[in-house]
Amino acid sequence: MTESADWQYSKCVIKSFKHDGSLHRVWLENWQVPAKRLHAGQDPSKTWVLINEYTTVQESNGREWSSRVPAVTYFLPDRWYNVVALLEEEGVRYYCNMASPPYRYEGVLTYIDYDLDVVVMPDGTSMELDRDEYDLHRETYRYGEAIEERLEAELRTLRAAIAAGSFPFDDAEARSYYEQWKRRMTAEEEGRRHDGRNGYGNSRQQKPFGFQDQGSESSQGG
């Protein structure tokens, strides 16, 4: 049984760069929520939701580490920030990155990281991070007046969304996205084990039901 692409989770790599084009960080395994599975009121042209769990992360210096908690990341193509909902035992912590709008081609999603971050703790308190790094890089990389003004305006928009508790700052919604994805992953793993026990594992070459590898020839873009 197969599903249309609008219902399939698609796997991709996330790469962030600095303003000069140098690689900043890579998240190796992520799954984009398909258009048909976005929650009510969310436009797939304006909201991309990606999920990862214990994925390998590569730093620009070659160091690798694994994420320790599930994450639901909201990429907003018309905004200059993205928001990562970290599903921790104590509650949901949001890590907000000031960044260029995302771009996705086949199995890779990219954006430019602009240093400034805002963290929202489970109790609702928030704090800005890395202003000193931003001040250094805006001179080193020559961001320019237009980008600096846009980033400050977008930072105000982000802070307003945090204060209002508006999208995407909804703990229940983030957990719902993760749990829906996890149920599908678990069901597919059980299906593969069942096929293996019945001797079908080596003969089946089809993709898992509900998932789409964006690196395949049959899958173009996202």
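Residues numbered from 1 in each chain as written. Predicted model: local features only at pLDDT ≥ 70, side-chain atom pairs only at ≥ 80, totals over all residues. Heavy atoms only, no water.

Caption draft 1: Here's a closer look at the overall build of the chain. Tallying secondary structure elements over the chain gives 3 helices and 12 strands in all. For the chain, the proportion of contacts with a sequence separation of at least 24, taken over those separated by at least 6, is 53%. Carbon and sulfur atoms provide 48% of the accessible area of the chain, an area that totals close to 11,900 Å². (Helix = DSSP H or I, 4+ residues; strand = E, 2+ residues; numbered from the N terminus. Contact = heavy atoms within 4.5 Å. Areas by Shrake-Rupley, 256 points an atom, 1.4 Å probe, with all protein chains shown as cover.)

Caption draft 2: Broad picture of the packing of helix α1 (residues 131–140) against helix α2 (residues 145–164). Following both chains from N to C, one finds α1 and α2 inclined at 160°, their axes separated by 12 Å at the closest point. One finds that α1 runs roughly antiparallel with respect to α2. Seen from above, α1 lies across α2 with right-handed handedness. Contacts from Arg131, Tyr134 and Arg138 of α1 reach α2 at Glu148, Leu151, Glu152 and Leu155. (Axes fitted to C-alpha atoms, helices over the stretch in contact; angles between N-to-C directions. Parallel < 35°, antiparallel > 145°, perpendicular 65-115°, else oblique. Left-handed = near helix turned anticlockwise from the far one by under 90°.)

Caption draft 3: Looking closely at the side chain of Thr47. Structurally, the position occupied by Thr47 is in the loop between β2 (23–32) and β3 (48–52). Owing to a relative accessible area of 7%, Thr47 belongs among the buried residues under this scheme. In this structure Thr47 touches Leu38, Gln42, Phe75, Leu76, Pro77 and Phe167, once residues within four positions along its chain are discounted. (Buried < 20%, exposed > 50% of the residue type's maximum accessible area, 1.4 Å probe, protein only.)

Caption draft 4: Structural detail: α2. Compared with an ideal rise of 1.5 Å per residue, which puts 20 residues at 28 Å, α2 spans 29 Å between its outermost C-alpha atoms and is within 8% of the ideal. By the burial criterion, the buried members of α2 are Ile147, Leu151, Glu154, Leu155, Leu158, Ala161 and Ile162. Take α2 and look down its axis: the buried residues cluster within an arc of 125°, on one side only. Along α2, the residues that are exposed and aim more than 90 degrees away from the buried face are Glu145, Ala146, Arg156, Ala163 and Ala164. Looking one or two residues past α2, Gly165 carries a phi angle of roughly 65°, positive in sign. (Expected span 1.5 Å × (residues − 1). Arc of directions from axis to C-beta.)

Caption draft 5: A look at the environment of His24. As for its placement among the helices and strands, His24 is situated in strand β2. Under the relative-accessibility criterion, His24 is labelled buried at 16%. Through-space distance from the C-alpha of His24 to that of Glu59 is 6.4 Å; in sequence the pair is 35 residues apart. With near-sequence residues (within four places) excluded, His24 lies in contact with Ser16, Phe17, Lys18, Glu59, Ser60 and Asp113.

Caption draft 6: Spatial organisation of the environment of Thr73. Within the element layout of this structure, Thr73 appears in strand β6 (residues 71–75). Separated by 22 residues in the primary sequence, Thr73 and Tyr95 place their C-alpha atoms 9.2 Å from one another. When residues no more than four places from it in sequence are discounted, the contact partners of Thr73 are Trp48, Val49, Leu50, Val83 and Val84.

Caption draft 7: Looking closely at the nonpolar core. Val72, Tyr74, Tyr94, Leu158, Phe169 and Tyr177 are the most contacted members of the largest nonpolar core, which has 35 residues in total. Secondary structure elements with two or more residues in this core: β3, β6, β7 (81–88), β8 (91–99), β10 (108–120), α2 and α3 (171–197). With 6 residues, the top contributor of residues to this core is α2. Residues contacting Leu158, with those up to four places away along its chain left out, are Tyr81, Val83, Cys96, Met98, Val118 and Phe169. With 10 residues, the next largest nonpolar core counts Cys12, Ile14, Phe75 and Leu109 among its residues. (Core = buried A, V, L, I, M, F, W, Y, C linked by side-chain atoms within 4.5 Å.)

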